[in-house]
Amino acid sequence: MNVVNVSLQVLPVVEEEMIYPVVDKVIEYIKSTGVKYFVSPMETTMEGDIDILLDIVKKAQDICVKEGAKRVISIVKIDYKPDGVTIDEKMSKYKDNC
């Protein structure tokens, strides 16, 4: 399968002071998988095989629950094109602004 981008925003239903620590656990997990990823203020965008990335999305839910979330709302965006799509091709002209 060609390279795709998947963006994930997790919104764990926890006490307010726990939101960032729970999200940090998800980002730590994403980092541990070895996929290319980019963290932004509202979501994390990953690059790779769609099956691997969707498995990461599923695991993110489990991590939030393990960290105390009674509910998890996730927003997932997928950018797919037959020839593949990379983070670099979409972001290279903006690198100086990040």
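Going by the structure above, here's the rest.
What comes next is a walk through the structure. (Residues numbered from 1 in each chain as written. Predicted model: local features only at pLDDT ≥ 70, side-chain atom pairs only at ≥ 80, totals over all residues. Heavy atoms only, no water.)

1. Notes on the nonpolar core
- Of all hydrophobic cores here, the largest spans 19 residues; its most connected members are V10, V26, M46, L53 and C64.
- For this core, the secondary structure elements donating two or more residues are β1 (4–12), α1 (19–33) and α2 (50–66).
- Here V26 is in contact with V10, A60, I63 and C64, once residues within four sequence places are set aside. (Core = buried A, V, L, I, M, F, W, Y, C linked by side-chain atoms within 4.5 Å. Buried < 20%, exposed > 50% of the residue type's maximum accessible area, 1.4 Å probe, protein only. Helix = DSSP H or I, 4+ residues; strand = E, 2+ residues; numbered from the N terminus. Contact = heavy atoms within 4.5 Å.)

2. Here we look at the sheet that holds strand β2 (residues 36–39)
- Strand order in the open sheet formed by 4 strands is β2-β3-β1-β4, and the pairing between neighbours is antiparallel. In the strand order of this sheet, the two ends are held by β2 and β4 (72–79), each with one partner. Neighbour-to-neighbour, the strand axes of the sheet open up by a mean angle of 20°, direction not taken into account.
- Summarising the sheet, β2 and strand β3 (residues 44–48) pair through 4 bridges and their orientation is antiparallel. In the strand pairing of β3, Y37 is matched with M46.
- Across the sheet, α1 lies against β1, β2 and β3, angled at about 155° from β1, the strand it touches most.
- Across the sheet, α2 is in contact with β1, β3 and β4; its angle to β1 comes to roughly 10°. (Pairing = 2+ DSSP bridges. Axes fitted to C-alpha atoms, helices over the stretch in contact; angles between N-to-C directions.)

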